[in-house]
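# Architecture and fold: a report
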Amino acid sequence: MTIYGYRLPAMSSLVLWAVLWEIVGRSGLTFFIPPLSEVLQTLFQIVGTPAFQNALTETVVAFLAGILAAVTIGIPVGILMGKSRLVDELLLPWVNMFLSAPLTALVPVLMVLFGFGMKSIVITTTLFAIWIIILNSRAGVKQIDRSLVEMARCFGASPLDAFYKVYFWAALPEILGGVRIGVIRGVKGVIIGQLLISVVGFGALFELYSSNFLMSHFWAVLLVLFAMAFALSELLAHLERRVSYYAAKR
């Protein structure tokens, strides 16, 4: 059952975890977890401050730039891998390697190559997001009915026409699934970049609050980050459901 597009079990789970968070915070078992009510109160206090707004702006700009690069590069590369055996054999081992590798270890290399500024943070975000987008796009193309491609050729479609008018739309459900997972990984990438490369944005706030043991402030910023990731994930999941009929048509 859904209410305004939200599934009741998911909403019940969020309420349950909120209650448990409040209970643990009130129990005083650890100073690291303050009560949720205190975290929310702190959030309303800091959300209008220039420091929070500047950090939010820097984080969102770096995140959106990294995700845009991952989507712009990842989808065409994945489609090309799915339709070309040669390209697939050349790139697939590298894609699998970077997907499973600890990308945090590459951050020092990025710092040497691109400096300590926003460029390195954007590239880090892209690297965290792009590989799953490539693999999902490839998987979507691999499942396309070959008759669709043959029909496009019979009607005189050029390779570019087939690329954008057949492969992309037929593989769209899997592509959106990859983008959704890539967005979640990109949130982790932008924070790691802001913590390790240049202490700016939310990374600077995390560093400031944790070093001064301001745990309610720390959790307030983390709550905003979780909310952003959850909202983007749900939006993309909604788009996935809207285009799910493509899979049925295949």
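Each remark here, short or long, concerns the structure printed above.
A brief look at the structure comes next.

Criteria and thresholds
- Residues numbered from 1 in each chain as written.
- Predicted model: local features only at pLDDT ≥ 70, side-chain atom pairs only at ≥ 80, totals over all residues.
- Heavy atoms only, no water.
- Core = buried A, V, L, I, M, F, W, Y, C linked by side-chain atoms within 4.5 Å.
- Buried < 20%, exposed > 50% of the residue type's maximum accessible area, 1.4 Å probe, protein only.
- Contact = heavy atoms within 4.5 Å.
- Salt bridge = Lys/Arg side-chain N within 4 Å of Asp/Glu carboxyl O.
- Helix = DSSP H or I, 4+ residues; strand = E, 2+ residues; numbered from the N terminus.
- Expected span 1.5 Å × (residues − 1).
- Patch = residues over 30% accessible without salt bridge, like charges linked within 9 Å, V, L, I, M, F, W, Y side chains within 5 Å.
- Areas by Shrake-Rupley, 256 points an atom, 1.4 Å probe, with all protein chains shown as cover.

## Here's the deal with the nonpolar core
When a protein is soluble and globular, its nonpolar side chains tend to lie buried together. One finds Phe202, Phe206 and Val221 to be the most contacted residues of the largest nonpolar core, which totals 61 residues. With residues near it in sequence (within four places) discarded, phenylalanine 206 still touches Ile191, Leu195, Phe218, Val221, Leu222 and Leu225.

## Re the pattern of salt bridges
According to the stated counting rule, one finds four salt bridges in the structure shown. The residue arginine 85 makes a salt bridge to glutamate 89 at a minimum N-O spacing of 3.2 Å. You can see arginine 85 and its partner glutamate 89 sitting in helix H4 (residues 85-100), four residues apart, about one turn around the helix. Taking relative accessible area as the criterion, arginine 85 reaches 67% and is therefore assigned exposed. A salt bridge links aspartate 88 to lysine 142; its shortest N-O distance comes to 3.9 Å. One end of the pair, aspartate 88, is in helix H4; the other, lysine 142, is in helix H6 (residues 118-142), and 54 residues separate them in sequence.

## Description of the environment of valine 200
Counting through the fold element by element, valine 200 comes out in the loop between helix H9 (172-196) and helix H10 (201-211). When its relative accessible area of 23% is taken as the criterion, valine 200 is described as partly exposed. Setting aside residues no more than four positions away along its own chain, valine 200 makes contact with Glu58, Ile121 and Gln194.

## Observations concerning H10
The complete set of buried residues in H10 reads Gly201, Phe202, Gly203, Leu205, Phe206 and Tyr209. Considering only its buried residues, H10 is in contact with helix H2 (36-46), helix H3 (50-83), H9 and helix H11 (215-242). Where H10 terminates, the next one or two residues include phenylalanine 213, which has phi positive at roughly 55°.

## A look at H9
Structurally, the α-helix is built with 3.6 residues per turn, so residues lying three or four positions apart point the same way. The first and last C-alpha atoms of H9 sit 35 Å apart over 25 residues, in line with the 36 Å expected at 1.5 Å per residue. With 19 of 25 residues buried, H9 is to be regarded as a mostly interior element.

## Digging into the side chain of aspartate 88
Overall, aspartate 88 belongs to the buried group, its relative accessible area being 8%. Aside from chain neighbours lying at most four places away, what touches aspartate 88 is Met81, Pro93, Arg138 and Lys142.

## Some details on a nonpolar patch on the surface
Residues Val15, Leu16, Trp17, Val19, Leu20 and Ile23 make up a contiguous nonpolar surface patch of roughly 610 Å² in combined accessible area. In this structure, tryptophan 17 sits in helix H1 (residues 8-27). Given a relative accessible area of 58%, tryptophan 17 falls into the exposed group.

## Description of unusual backbone geometry
A positive phi is found at phenylalanine 213, a non-glycine position, where the angle reads about 55°. Along the chain, phenylalanine 213 turns up in the loop between H10 and H11. The exposed category is assigned to phenylalanine 213, whose relative accessible area is 58%.

## Examining the environment of isoleucine 121
Looking at the secondary structure, you find isoleucine 121 in helix H6. In sequence terms isoleucine 121 and leucine 195 are 74 residues apart; their C-alpha atoms lie 9.5 Å from each other.

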